[in-house]
Amino acid sequence: MDRRTFLKRLGLGAAAAAVVLPAADSLLVEPRWIDVTRHNVPFGNWPAARRPLNVVQLSDIHSGPYMGRDNIADAVALCNRLKPDLVALTGDFVHRGLGHIGPCAHELSKLTAPLGAFAVLGNHDHWEGAAAVADALSDAGITMLTNRNVDIGHNVFVAGLDDEWTGRPDERAAFAGVIENAATIVLAHSPRSVARVAHRNCLLLSGHTHGGQVDVKIIPRNRLPLLQGWKYIKGWYTEDRARMYVNRGIGMVGLPIRFLCRPEISVFHCGAPGDISGDGTP
């Protein structure tokens, strides 16, 4: 083989690798390579009697063709290894059929957290059947927070809002009985719910966007299909008094791919400023 032929074949091989390797990564590697992100979240109004809490967020499971029972079981096992005090489940449990909620709920019933697991519904849950999804999760021991809240002790509250797009979010009902200026963790599937709680000193945990699933810098994520014009894509945002985290989720819709946008389980260490080192917000 002469030098010219060698270089030509080398160039063709490199070009093929440039196509095949990212494709293999986006289809076979990243979709199952969960990224555990950790965040310190001090609350100035955290009650002195309440020790810091580890809150683990699991979002956008999309149980269905792209996310099988074994995949959900692996995510639940990872959540349990993180030793959560409570688990926040922020919607979109099913994808393409209510038949997928049974296996999903069964695996989620294995979550272990002393204060319990709490959930709100997402747009896909409403499309497939909100009541059936909520019933299956409740039967699995998960507390549904559709426009309601619970006091988890020492006046720390967890509140939930129905989906902004397909549900009927009711802020008044969601915060009924919440003590003024209480330390509050809010669950809402859509990041756009932040407009409802911006006046509150709270931590809002949301999902929905999947971080775009593909994060190629030359393509702004708010120009990707279904995210056109979106202000909140992934990570931390602050609106007035509210701090919000947009989780990338673990499931997929559209195409079963992720590229430079790994699925995510997030951990929030919440407590008084003197007990929390650093701040996870921008």
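Structure: above.
What counts, and where the lines are drawn
Residues numbered from 1 in each chain as written. Predicted model: local features only at pLDDT ≥ 70, side-chain atom pairs only at ≥ 80, totals over all residues. Heavy atoms only, no water. Pairing = 2+ DSSP bridges. Helix = DSSP H or I, 4+ residues; strand = E, 2+ residues; numbered from the N terminus. Axes fitted to C-alpha atoms, helices over the stretch in contact; angles between N-to-C directions. Buried < 20%, exposed > 50% of the residue type's maximum accessible area, 1.4 Å probe, protein only. Expected span 1.5 Å × (residues − 1). Arc of directions from axis to C-beta. Contact = heavy atoms within 4.5 Å.

> Just checking my understanding: could you explain the sheet that holds strand S7 (residues 156-160) for this structure?
Sheet strands pair via backbone hydrogen bonds, and the direction of the pair is either parallel or antiparallel. Pairing is mixed in the open sheet, where six strands are placed in the order S6-S7-S8-S9-S11-S10. The open sheet has two edge strands with one neighbour each: strand S6 (148-151) and strand S10 (235-239). Pairs of neighbouring strands in the sheet enclose a mean axial angle of 20°, with direction left out of account. Bridging between S10 and strand S11 (residues 242-246) involves five bridges; their strand directions are antiparallel.

> Hey, could you run me through unusual backbone geometry in this one?
In most cases, non-glycine residues show a negative phi, while peptide bonds are predominantly trans. Positive phi is not limited to glycine here, since Gln213 has a value of about 65°. Within the secondary structure, Gln213 sits in the loop between strand S9 (202-206) and S10. Judged by its relative accessible area of 7%, Gln213 falls in the buried class. One non-glycine residue, Asp240, adopts positive backbone phi at about 55°. Assignment of secondary structure puts Asp240 in the loop between S10 and S11. Since its relative accessible area comes to 60%, Asp240 is described here as exposed.

> Hey, could you run me through helix H2 (residues 69-81) in this one?
For an α-helix, the turn length of 3.6 residues means that residues three or four places apart are oriented alike. Look at H2: 18 Å from first C-alpha to last across 13 residues, which is about the 18 Å you get at 1.5 Å a residue. Those residues of H2 that sit buried are Ile72, Ala75, Val76, Leu78 and Cys79. Here the buried residues of H2 occupy an arc of 160° about the axis, which is enough to place them on one side. Away from the buried face of H2 by more than 90 degrees, exposed residues Asp70, Asp74 and Arg81 are located. On its buried face, H2 sits against strand S1 (35-42), strand S2 (53-58), helix H3 (101-108) and strand S12 (264-271). One or two steps after H2, the chain reaches Lys83, where phi turns positive at roughly 55°.

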